[in-house]
Amino acid sequence: MALLTDLVNLNLSETTEKIIAEYIWIGGSGMDIRSKARTLPGPVSDPSKLPTWNYDGSSTGQAPGDDSEVILYPQAIFKDPFRRGNNILVMCDCYTPAGEPIPTNKRHNAAKIFSHPDVVAEVPWYGIEQEYTLLQKDVKWPLGWPVGGFPGPQGPYYCSAGADKAFGRDIVDAHYKACLYAGINISGINGEVMPGQWEFQVGPAVGISAGDELWVARYILERITEIAGVVLSFDPKPIQGDWNGAGAHTNYSTKSMRNDGGYEVIKSAIEKLGKRHKEHIAAYGEGNERRLTGRHETADINTFLWGVANRGASIRVGRETEKNGKGYFEDRRPASNMDPYVVTSMIAETTIIGKP
Amino acid sequence: MALLTDLINLDLSETTDKIIAEYIWIGGSGLDLRSKARTLPGPVTDPSQLPKWNYDGSSTGQAPGEDSEVILYPQAIFKDPFRRGNNILVMCDCYTPAGEPIPTNKRYNAAKVFSHPDVVAEEPWYGIEQEYTLLQKDVKWPLGWPVGGFPGPQGPYYCSAGADKSFGRDIVDAHYKACLYAGINVSGINGEVMPGQWEFQVGPAVGISSGDQIWVARYILERITEIAGVVLSLDPKPIQGDWNGAGAHTNYSTKSMRNDGGYEIIKSAIEKLGKRHKEHIAAYGEGNERRLTGRHETADINTFIWGVANRGASIRVGRETEQNGKGYFEDRRPASNMDPYVVTSMIAETTILWKP
């Protein structure tokens, strides 16, 4: 199909100033990503210069059929790694025609928290480790697993290479470059403990940007798996039994934590998080109880426990941070299907604004 | 087949001034697109500079065998995205040797309507949302559907990404760029509610140009699906049951509607359309009664109803138009297999020329 690829890869900048903008939003389940494209008269680099748009909310469970318009507000621009040229991806959030955020719009509240002066002053940094599982199409069984059976036990797969150990690297590597091209701050990738499971990390990103970048990275991953004919899963425990789940460990620091004396600030932040453990857990992803069992490098969902270099803890502080007396910590509780707008803003709210 | 692609992609401008012109016309069913190519001595940008041509009308159900010549009059030129260089696509309409439009030539009458001074003064704009379904070759079952079965119910597919939700994006993206390259004013694309169904929009286009652009866009789509080995369907209800149909919603405005006070003009135009509902429906596409049931975001074929943001209506007015007091409206009745020359000119005729 060489000719189809020629057309998909046409460089339009040779024939027209027009660009294509792919508007992306989160649908009614809070986890389904939707998008559609429109033509604009010329290149745009500032989201405030992009027109608002609308979509059929009755088709995504976000509006009734007789009053179906949901309005899209552009919030962040990234380069489109699929169409390239001057074409762009636009992360949006959703509003009623009257200008109210719809119930599934979690970005709006996060943006409010991130513009609180106390939060702004602390310059909160996030590094999110997004784990995910690749599944074979139609059978929905992990990539590389024998259909009707299981691979050998966990051990050989973490960070491995080899046709019998690493499944789907072309997807992972394509995604890494595509995201860097797009302008997403991907800091790394690795193969995970369960075969067919991978991880990429986004960060450090400041405030609301962490959520924007993670959602667009998820969208790019879904587009790439679509091309590869493989199904993407963010389920936190895709396979029951002696197999790791998938999380979205969230690394976090504030200005005070990064400066001298930061370790005390870190300890007091962890204490505040401990006092709101139940509230955080409720917002850290559906189905997390299947994953946070106390086994497979997790802490039990009902326990709040922190420790240095402890992967069985709810919160882990790195050895380097302990040694330097400043740095960051890792909240290991969020599930792979968490909403980064919710998790990042909640951590900032609890540790900085300090709701009791 | 590297060598075949090399030859197809040869840039002839390096060796000759000659160009290739693909003459396109509509065949005897009113929906079958036909084309053939000829060599011209040099580049042409003005349709009136192109020679008339002819074809065998007895092979397309448009002329008897003993008097088979049908004459092609070039009407609009577009750049050829397949041959590129200075090569062109030419949209034509069909005449007898005596110079009369043949019965299937709907462009002729539309051009008359659009040159009426009252219509010219109102500068009618059209934005047409062409929906279509991709079918697997040979079995003629929608792309991505299991042969002998059905996919999961509608919900996840609209504007989706992912190998289990979105089928045929390479065709859609190739078509988007190919049309922009050709000079067709494609304003956007999106994945539709039924899996394997897509939509592209052409507009805004003034008067007769809307029909020319839609027909050439359909031609380009049929050429691209041919390359992809997938079958294009413009049937308005390809699958019976709880599956959406395919329409060609036609967005429309006149100068008066776009200016201050336009909302009153819009309401009175809608009223006139309501009085000629049966006549319009008869011209809005064969088989539309299978689609306009009152379910799946349509209004029943025998009912004329209009509303703001109401996707279950015959005519929908957008919230923004209501808020601004001027703008445009959407006629949701036309089927995907409608003839845009007929629909666009009829809307202009009823709303501008017709007196109740």
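In this text the structure is predicted, and so the values were computed from the model without any measurement.

A. Molecular detail of the overall build of chain B. Regarding its fold elements, chain B presents ten helices and 13 strands. Relative to the compact-globule value of 21 Å for 356 residues, chain B shows a C-alpha radius of gyration of 21 Å, a close match. With respect to the principal axes defined by its C-alpha atoms, chain B has extents near 60 × 55 × 40 Å. Counting over 356 residues, chain B shows a buried share of 57%. Excluding contacts between residues fewer than 6 apart, the proportion of contacts in chain B whose partners are at least 24 apart in sequence is 65%. Within the structure as shown, chain B displays about 14300 Å² of accessible surface, and the carbon and sulfur contribution to it stands at 51%.

B. Structural context of the UniProt feature "domain: GS beta-grasp" (unreviewed entry) in chain A. Residues given the UniProt feature "domain: GS beta-grasp" (unreviewed entry) here are residues 19–99 of chain A. Helix makes up 0% of residues 19–99 of chain A and strand 48%, and the two end C-alpha atoms of the span are 27 Å apart.

C. Seen up close, the domain arrangement of chain A. Residues and elements named next belong to chain A. Along its sequence, chain A is organised into domain 1 (4–104) and domain 2 (117–353). Using C-alpha coordinates to define each centre, domain 1 is positioned 27 Å away from domain 2. Taken together, the contact between domain 1 and domain 2 spans 17 residues of the former and 19 residues of the latter. Of the roughly 1700 Å² buried at the junction of domain 1 and domain 2 (both faces included), carbon and sulfur atoms supply 77%. The three residues of domain 1 that bury the most area against domain 2 are M31, F78 and F82, which together make up 37% of that side's buried surface. Between domain 1 and domain 2 we count zero salt bridges in total. At the surface where domain 1 touches domain 2, the tally comes to two residue pairs in polar contact (both at pLDDT 80 or more). Along the lines of polarity and charge, the residues of the side of domain 1 that touches domain 2 split into ten nonpolar, three polar and four charged.

D. Structural detail: the domain arrangement of chain B. Residues and elements named next belong to chain B. Segmenting chain B into domains produces domain 1 (4–104) and domain 2 (117–353). Computed over C-alpha atoms, the centres of domain 1 and domain 2 are 27 Å apart. With 17 residues of domain 1 at the contact, the number on the domain 2 side is 18 residues. When the two sides are added together, the surface that domain 1 and domain 2 hide from each other amounts to roughly 1600 Å², 77% of it contributed by carbon and sulfur. The three residues of domain 1 that bury the most area against domain 2 are L33, F78 and F82, which together make up 37% of that side's buried surface. Run the count over domain 1 and domain 2 and you get zero salt bridges. Put simply, domain 1 and domain 2 have two residue pairs in polar contact (both at pLDDT 80 or more) between them. Contributions of two or more residues to the side of domain 1 that touches domain 2 are made by strand 1 (19–26), strand 2 (33–40), strand 4 (69–79) and strand 5 (88–95). Grouping the constituent residues of the side of domain 1 that touches domain 2 by class yields ten nonpolar, three polar and four charged.

E. The arrangement of the sheet that holds strand 1 of chain B in detail. Residue and element names in this part refer to chain B. The sheet built from five strands is open, its strands ordered 2-1-5-4-3 with mixed pairing. Where the open sheet ends on each side, the last strands, each with one partner, are strand 2 and strand 3 (53–56). Ignoring which end each strand starts from, the neighbouring axes of this sheet average 40 degrees apart. Two elements, strand 4 and strand 5, share eight bridges in a ladder whose sense is antiparallel. Each residue of the ladder has a partner; that of L72, found in strand 5, is C94.

F. Quick peek at the interface of chain B and chain A. The interface is formed by 48 residues belonging to chain B together with 45 residues belonging to chain A. Between chain B and chain A lies a buried interface of about 3900 Å² when both sides are counted; carbon and sulfur atoms form 56% of it. Where chain B meets chain A, there are eight salt bridges. Between R316 of chain B and E69 of chain A there is a salt bridge, and its shortest N-O distance comes to 3.1 Å. The interface formed by chain B and chain A holds 26 residue pairs in polar contact (both at pLDDT 80 or more) in total. Sorting the residues of the side of chain B that touches chain A by element identifies helix 1 (2–8), helix 4 (169–182), strand 7 (186–191), helix 5 (208–228) and helix 9 (319–324) of chain B as the ones contributing at least two each. Ranked by residue count, the leading element in the side of chain B that touches chain A is helix 4 of chain B, at nine residues. Here the side of chain B that touches chain A is composed, by residue class, of 22 nonpolar, 14 polar and twelve charged.

G. Region of interest: helix 7 (residues 262–275) of chain A. Residue and element names in this part refer to chain A. The first and last C-alpha atoms of helix 7 sit 20 Å apart over 14 residues, in line with the 20 Å expected at 1.5 Å per residue. Within helix 7, burial applies to G262, Y263, I266, A269, I270 and L273. For helix 7, the angular spread of buried residues about the axis comes to 120 degrees, placing them on one side. Exposed residues on helix 7 whose side chains face more than 90 degrees from its buried face are E264, E271 and K275.

H. How the structure looks around the UniProt feature "domain: GS catalytic" (unreviewed entry) in chain B. Those residues carrying the UniProt feature "domain: GS catalytic" (unreviewed entry) are residues 106–356 of chain B in this numbering. Its end C-alpha atoms 24 Å apart, residues 106–356 of chain B is made of 38% helix and 19% strand.

What counts and how
Along each chain, the written sequence defines residue order, and numbers are assigned to residues from 1. The naming scheme follows written order: chains are lettered A onward, ligands numbered 1 onward. Predicted model: local features are reported for residues with pLDDT of at least 70 only, side-chain atom pairs are reported and counted for 80 or more only, and whole-chain, interface and lining totals are derived from all residues. Side-chain descriptors were evaluated using all non-hydrogen atoms of the structure, hydrogens and water having been removed beforehand. The helix and strand labels rest on DSSP assignments: H or I over at least four residues marks a helix, E over at least two residues marks a strand, and numbering proceeds from the N terminus. Note on method: radius of gyration uses C-alpha positions; expected globular size equals 2.2 Å times residues raised to 0.38. Accessible area is worked out with a 1.4 Å probe on protein chains only. A residue is then buried under 20% of its type maximum, exposed over 50%, and partly exposed in between. The contact rule is simple, with two residues in contact once any of their heavy atoms fall within 4.5 Å. Only the protein chains shown count as cover for residues, and all accessible areas are computed by the Shrake-Rupley method using a 1.4 Å probe. UniProt positions are given in the numbering used here, feature names are shortened, and annotations may be inferred rather than shown by experiment. An automatic or database domain assignment provides the domain bounds reported here. Here the quantity called buried area is the accessible surface, traced with a 1.4 Å probe, that two parts lose on coming together, added over both. Basic side-chain nitrogens of Lys or Arg form a salt bridge, by our definition, when they fall within 4 Å of a carboxyl oxygen of Asp or Glu. In the analysis that follows, any N or O atom pair within 3.5 Å is treated as a polar contact, provided that within protein one partner can donate a hydrogen and the other can accept it, and provided that, for residues neighboring in sequence, both atoms belong to side chains. The classification used treats Ala, Val, Leu, Ile, Met, Phe, Trp, Tyr, Cys and Pro as nonpolar, Asp, Glu, Lys and Arg as charged, and all other residues, Gly among them, as polar. Whether two strands pair comes down to DSSP finding at least two bridges between them. Note on definitions: angles span 0 to 180 degrees between N-to-C directions of axes, and those axes are lines fitted to C-alpha atoms, for helices only across the stretch in contact. Here the expected span of a helix is defined as 1.5 Å times the quantity of residues minus one. Picture the helix axis, draw a direction to every C-beta atom, and the arc is the one those directions span.

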